[in-house]
Amino acid sequence: MALSRRRFLAASAAVAATPLLSFAADDKPKKLVLIGGSMSHGPGDHEFNAGVKLLAKCLEGVKSLQVEVVNNGYPKDDSILDGAAGILCYADGGGGHPFLKGKNLERIGKRMASGVGLMCAHYAVEVPKDIGATEFRDWIGGCYEHEWSCNPMWSPEFKEFPKHPITNGVKPFSIRDEWYFNMRFRPKLEGVTPLLTAVPNEKVRNGPYVYPKGPYKHIQEGAGNPEHMMWCVERKDGGRGVGFTGGHTHKNWQDDNFRKVVLNALLWICKVDVPTEGVESRVNDDDIKANLDPKKK
Ligand SMILES: [Zn+2]
């Protein structure tokens, strides 16, 4: 970022004398669109709209990004996605996934084919097995499959991380969330780089899961195996994809490491350099209480 900033300053100096001089293409901020899904649970959980607003606030200092926020699901006019380098979808998934409504899968597919980055967080990593799963494996490397994957509330211990821009500056952490695991990844994890990995204990595997309560025999039989709760891919079309299964509990955004790994990923999908120590941001008590959904009637 430092280099690009210096170039920006040099270009600004030149502008004074040459008003028509345009900046080099790579000096223009990259557009990141954060899509927050429509209201799901009561206040505090699945806070998709408050969540994307909070993430946008945390990215205000990143001059190489131009962040746009969309609330309540897929944009009514999706020209807001034109020119986007990356898209985050943080929303309810399954059959109600915003990308499955109408012709959205096809519309998003065209953007993916042109190399746009995509990150899906929490429930938005889930699509029905026969609608969208093939696309999601292609776009982000894997997805939640009903009754194959599971969704317990637990506290994975993330102790070590692969060397990757998304893990820049992330310290070991553990936080309770509805961390889904056992995704339906591409066969043999082809092209998939696991980023957040931990070993669930027996109690976690035995359930109950949030829904359906389980337990599933195949999950119990995986005792001792590491599981991936965040991962990324670099697609053949040039685009980048990330899946992140946490994000149920809104107050978790106040945890510096939980937040940093997601902010880093948002830069990475846009092909913006991630600072060596990761994206620095602060979230105070007022920030975390802002924009929450109203109580469900
Ligand atoms: Zn959830």
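None of these values were measured; they are calculated from a predicted model. (Residues numbered from 1 in each chain as written. Predicted model: local features only at pLDDT ≥ 70, side-chain atom pairs only at ≥ 80, totals over all residues. Heavy atoms only, no water.)

**A few points about the overall build of the chain**
Argument step 1. Of the regular secondary structure elements, the chain holds 8 helices and 11 strands.
Argument step 2. On C-alpha atoms alone, the chain measures out to a radius of gyration of 19 Å, which is about the 19 Å that the 2.2 N^0.38 rule sets for 297 residues.
Argument step 3. Long-range contacts, defined here as pairs at least 24 residues apart, represent 75% of the contacts in the chain between residues at least 6 apart.
Argument step 4. Carbon and sulfur atoms make up 52% of the accessible area of the chain, which amounts to about 14,300 Å² in all. (Helix = DSSP H or I, 4+ residues; strand = E, 2+ residues; numbered from the N terminus. Rg over C-alpha atoms; globule rule 2.2 N^0.38 Å. Contact = heavy atoms within 4.5 Å. Areas by Shrake-Rupley, 256 points an atom, 1.4 Å probe, with all protein chains shown as cover.)

**Structural notes on the pattern of salt bridges**
Argument step 1. Counted under the stated rule, the structure contains 11 salt bridges.
Argument step 2. Residue Arg205 is joined to Glu227 by a salt bridge in which the shortest nitrogen-to-oxygen separation is 2.9 Å. Of this pair, Arg205 sits in helix α5 (residues 202–206) while Glu227 sits in strand β10 (residues 227–234), placing them 22 residues apart in sequence.
Argument step 3. Residue classification places Glu227 among the buried residues on the basis of a relative accessible area of 9%.
Argument step 4. In this structure, the salt-bridge partner of Arg235 is Asp237, at a minimum N-O distance of 3.1 Å.
Argument step 5. Relative accessible area serves as the criterion here: at 29%, Asp237 is assigned to the partly exposed category.
Argument step 6. Among the charged side chains, a salt-bridge network with shared partners connects Asp78, Asp82, Arg107 and Arg111. (Salt bridge = Lys/Arg side-chain N within 4 Å of Asp/Glu carboxyl O. Buried < 20%, exposed > 50% of the residue type's maximum accessible area, 1.4 Å probe, protein only.)

**Quick look at the coordination of the zinc ion**
Argument step 1. Coordination of the zinc ion by the protein involves His46 (NE2), His122 (NE2), Glu178 (OE) and His248 (ND1), with metal-donor separations of 2.0 to 2.1 Å.
Argument step 2. Spacing between the donor residues of the zinc ion along the chain follows H-x75-H-x55-E-x69-H. Placement of His122 in the loop between β4 (117–121) and α4 (133–140) and of His248 in the loop between β11 (240–244) and α7 (256–269) is noted, with a sequence separation of 126 residues between them. (Donors = N, O, S within 2.8 Å, 3.2 Å for Na, K, Ca; no water.)

**Quick look at α4**
Argument step 1. Regarding α4, the residues found buried are Ala133, Phe136, Arg137, Trp139 and Ile140.
Argument step 2. For α4, the elements touching its buried residues are α3 (104–113), β4, β5 (142–143), β8 (184–185), β10 and β11.
Argument step 3. Just past α4, the residue Gly141 takes up positive phi, approximately 95°.

**A look at the sheet that holds β10**
Argument step 1. A sheet is described by the order of its strands in space; here 7 strands give the open sequence β2-β1-β3-β4-β11-β10-β9, paired in mixed fashion. The outermost strands of the open sheet, each flanked by one partner alone, are β2 (65–70) and β9 (192–198). Averaged over all adjacent pairs, the angle separating strand axes in this sheet is 15°, with direction ignored.
Argument step 2. As defined by bridge partners, β4 adjoins β11 across 4 bridges and the pair is classed as parallel. Looking at β11, one finds that Leu118 is bridged to Gly241.
Argument step 3. Strand contacts of α7: β1 (30–36), β2, β3 (84–90), β4, β9, β10 and β11, with the helix running at about 160° to β11, the strand carrying the most contacts. (Pairing = 2+ DSSP bridges. Axes fitted to C-alpha atoms, helices over the stretch in contact; angles between N-to-C directions.)

**Section: the nonpolar core**
Argument step 1. Grouped together as the largest cluster of nonpolar side chains are 53 residues, with contacts concentrated most on Met119, Met230, Phe244 and Leu266.
Argument step 2. For this core, the secondary-structure elements that each account for two or more residues are β1, α2 (48–58), β3, β4, β9, β10, β11 and α7.
Argument step 3. At 9 residues, α7 tops the list of elements feeding residues into this core.
Argument step 4. With near-sequence residues (within four places) excluded, Met230 lies in contact with Met119, Ile166, Pro194, Leu195, Leu196, Val242, Gly243, Phe244, Val261 and Ala265.
Argument step 5. By size, the runner-up hydrophobic cluster in this structure holds 32 residues, among which are Cys89, Leu105, Ile108 and Val116. (Core = buried A, V, L, I, M, F, W, Y, C linked by side-chain atoms within 4.5 Å.)

**Remarks on the pairing of β11**
Argument step 1. The buried fraction of β11 amounts to 5 of the 5 residues, a majority that puts the element mostly inside the structure.
Argument step 2. Covered by surrounding structure in β11 are Arg240, Val242 and Phe244 together with Gly241 and Gly243, the residues of both alternating faces.
Argument step 3. Between the end of β10 and the start of β11, which pair antiparallel, lie 5 residues, with Gly238 showing a positive phi angle near 95°.

**Let's talk about the confidence of the model for the chain**
Argument step 1. Averaged over all residues, the pLDDT of the chain is 92; the fraction at 70 or higher stands at 91%.
Argument step 2. Confidence over residues 1–23 falls short of pLDDT 50; this stretch has 14 contacts with residues more than four positions distant or in other chains. (pLDDT = per-residue confidence, 0-100.)

**Remarks on the environment of Gly247**
Argument step 1. Tracing the backbone through its elements, the reader meets Gly247 in the loop between β11 and α7.
Argument step 2. Measuring from C-alpha to C-alpha, the distance between Gly247 and Gly51 comes to 8.7 Å, with 196 residues separating the pair along the chain.
Argument step 3. Apart from residues lying up to four places away in sequence, Gly247 is in contact with Tyr90, His122, Asp177 and Phe258.

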